[in-house]
Amino acid sequence: MANTAHLMRRQSSRDLYAQRSLDRMEMKELRGRLVTLENGHQIHRTHVMYGATNQAFEDTSPNRRSSETPTSKASSENERAGIKPEGVERESWDSKLTFLLATVGYAVGLGNVWRFPYLAQKNGGGAFLIPYFVMLAIEGIPIFYLELAIGQRLRKGAIGVWHQVSPYLGGIGISSAVVSFNVALYYNSIIAWCLFYFAQSFQAELPWSECPKKYFSNGSYTTEPECAVSSPTQYFWYRTTLQISEDINYPETFNYKIALALVIAWILVYMCMIKGIASSGKVVYVTATFPYIVLVIFFFRGITLKGMGDGLIHLFTPKWHKILDPVVWLEAGTQIFFSLGLAFGGLIAFSSYNPVDNNCYRDAIMVSMTNCLTSMFAGIVVFSIIGFKATMVYEKCLSLRNATLLEIFGSGYRSMVFPEAGQNVTLDLNGNLTTLVMPHLPECDLQKELDNTASGTGLAFIIFTEAINQFPGAQFWSVLFFLMLFTLGIDSQFGTLEGVVTSIVDMKLFPNLRKEYLTGGLCLICCLLSMGFAHGAGSYIFLLFDMYSGNFPLLIIAFFECIGIAYVYGVKRFADDIELMTGQRPGIYWLICWKYLSPLAMLSILVSSFVELATEGSSYEAWISSEGDTEKKPWPIWAVLLVLVLVLASVLWIPGLAICRYFGIQIIDDEERAWFPAEDLRDFHGIEPRPVSSIETLLFCTRPDGSEGCCWPGCCETDDEE
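Calculation notes
Residues numbered from 1 in each chain as written. Predicted model: local features only at pLDDT ≥ 70, side-chain atom pairs only at ≥ 80, totals over all residues. Heavy atoms only, no water. Helix = DSSP H or I, 4+ residues; strand = E, 2+ residues; numbered from the N terminus. Buried < 20%, exposed > 50% of the residue type's maximum accessible area, 1.4 Å probe, protein only. Contact = heavy atoms within 4.5 Å. Areas by Shrake-Rupley, 256 points an atom, 1.4 Å probe, with all protein chains shown as cover. Pairing = 2+ DSSP bridges. Salt bridge = Lys/Arg side-chain N within 4 Å of Asp/Glu carboxyl O. Disulfide = S-S within 2.5 Å.

A. A look at the overall build of the chain. Within the chain, the secondary structure is distributed over 30 helices and 9 strands. A burial count over the chain gives 55% of its 722 residues as buried. Look at the contacts in the chain between residues 6 or more apart in sequence, and 80% of them connect residues 24 or more apart. Counting only carbon and sulfur atoms, one obtains 62% of the accessible surface of the chain, whose full area is about 30,800 Å².

B. Expanded view of the pairing of strand β9 (residues 629–634). Pairing of strand β8 (residues 619–624) with β9, which is carried by 6 bridges, proceeds in the antiparallel orientation. Note that in β9 the partner of Trp-623 across the bridge is Thr-630. Linking β8 back to β9 in an antiparallel pair, the connection comprises 4 residues, with Gly-628 at a positive phi of about 65°.

C. The arrangement of the environment of Gly-495 in detail. Relative to the helices and strands, Gly-495 resides in helix α21 (residues 474–507). In this structure, the C-alpha to C-alpha distance between Gly-495 and Ala-184, residues 311 residues apart in sequence, is 9.7 Å. Among residues more than four places away in sequence, those in contact with Gly-495 are Tyr-106, Gly-346 and Phe-350.

D. Geometry of the pattern of salt bridges. Scanning the model with the defined rule gives 15 salt bridges in all. Arg-585 is the partner of Glu-579 in a salt bridge, and the nearest nitrogen-oxygen pair spans 2.9 Å. A single burial state applies to Glu-579 and to Arg-585, both of which are buried. For Glu-696, the salt bridge identified is with Arg-690, shortest N-O distance 3.5 Å. Residue Arg-690 is classed as partly exposed on the basis of its relative accessible area of 37%. Linked by salt bridges that have partners in common, Lys-572, Asp-576, Glu-579, Arg-585, Arg-690 and Glu-696 make up one network.

E. The arrangement of the state of the cysteines in detail. If you walk through the whole model with that rule in mind, you get 2 disulfides. For Cys-211, the disulfide goes to Cys-227, at an S-S distance of 1.9 Å. Because the sign of the S-S torsion sets the handedness, a value of about -80° for the bond joining Cys-211 and Cys-227 places this disulfide among the left-handed ones. One end of the pair, Cys-211, is in the loop between α9 (170–200) and β4 (213–215); the other, Cys-227, is in helix α10 (residues 225–228), with 16 residues separating them in the sequence. A residue is classified by how much of its surface remains accessible, and Cys-211, at 15% relative accessible area, is buried. Between the sulfur atoms of Cys-397 and its disulfide mate Cys-444 the distance is 2.0 Å. For the disulfide bridge between Cys-397 and Cys-444, the dihedral angle about the S-S bond is near -85°, and by the sign convention the bridge is left-handed. Of this pair, Cys-397 sits in helix α18 (residues 360–409) while Cys-444 sits in the loop between β7 (432–437) and α19 (446–451), placing them 47 residues apart in sequence. The thiol of Cys-527 is unpaired, and the distance to the nearest cysteine sulfur, on Cys-526, comes to 8.8 Å.

Have a look at this one:
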């Protein structure tokens, strides 16, 4: 095992460090792009574009050169002439703000609004924040940092990055692209549902505000039976929007309304991505900021509502005993992982468009914390409104209950003790003894109403819409809410699809096809396949994709990403690269996370998920129209086989490509080395050679020459003998 890792490191070293023999033009271009020095003073260039062709980041290194050199002047002239590093034609972000907005938009998605609040109140309220931030520290930020850094260092998509780390690891990138494709297929269904609700919100009366009427030939009418036994919001969601069937095996009808919404959604996605990051980079100025504007508006609306305090107390009251429950830690780790969008390849693709001297560490901290704080803020907004909705239901229940008691027992009912429903009760009414049967009274419990929350589509399309019904000017709030969900979803879709497109471009599968045509073809294929979600059983297939197409494969991919960096590329070498790019070496904590804590967290979540699946099984909630409620049903055999296909088609690329490489079969044809002026960056940041510390030797088995071995007894001796 150690010999294999050593061989892979040695082979990838030959590929990467051959770049040090750079052309003089490349070195001059970098010096001129970073800073121009005139008259001994630092002058920042404002007319130079960002990235390889755009304005560079402001350098804050304390080791900056402050003396004028002929080289800097010459490089300025060369740069004005448009000289770029040979062979580097990669796109680049227009500005640092564009990159940050795109990354925040990609990471902050629907899960922040409709899953985190549910998990928090379910798993201990305020106590849930402890496992949440622990998992953020050992799993979320380290892997987020890793993906941003390796994408910026190797300047390729996920496939190109992991192939260049080692040809044996190229399957990681292909697996990421396959998972991103599968997720993009079903994720756009959410955007289509949001568009449908958004369009319906412009009616004079919201169509989910009351039950529709069923008319008879004689002119009489009655309330629609399915709505009468459920609720207006449930009826509109299950019957009007989804046209849902009662079993996944019997789709019944094709849903033309949702099919049309899907077509519109895919057209919008394509229009926003038609020019790559040049077009999607402009769109994120709206899609990344608009959700925050709406959340702030809903926040100020929510804190003025009656019952707001009850909702927030219910959300944040800590239940400390929950911390000892392993399931709470599992759900915290899973939420962090998927909320940040790790292992999809989108982060690697986005960071590959950054200039080589970008401070990826600062970006990782900033975006990760923004994501988590957004989840907490969204929780406050959601539960202030859920508290209002629960209070309205509770007070309506009390009013109905008291009216019933007043009618039967008169005004003296407040001082009475009532028997159980169905029992006889004797009353003295105007001197006459009367025996009555105690009626069934509605149960009014505010805490039970607050517990009656849901995650995902249930929260957005049923519970939240029911709360919006109570607002004055409900149409305005409905338009805002579903437009917010649309923008949250579509910029996450950009990042997911960008991971697929960049990987295809880097693999050179269609070398003569322009990127806009490639993106259009991909969107067309996805649009046709997504019609599988536009029928009566489509929401069940959506649930199957949501539960299995990403969860297990992404955990496996992230695990192998950590293994690839820590045990193949080498954490010291990775830290050296980050120091060259940012001028600041990663702390020992990050190296420990990459080598030990993060892989262990991934493995723990993966094993726990398998154990939970094996012990509790899996099922789906089928809507039973006659009962107005859902019923658990087991997945049919074909659905289980589909799950196996989705998972295996994603993860088998990792061992499969390594086996092919071992036998000399080449799958990925990408031998173009990344442009990385190591010597020039070292000179610019003033980085001096540093000896290997004792703690690096102890924790990572780093040898005095900087190479790494394994840290179990006898292993290092074997490596040395080679």
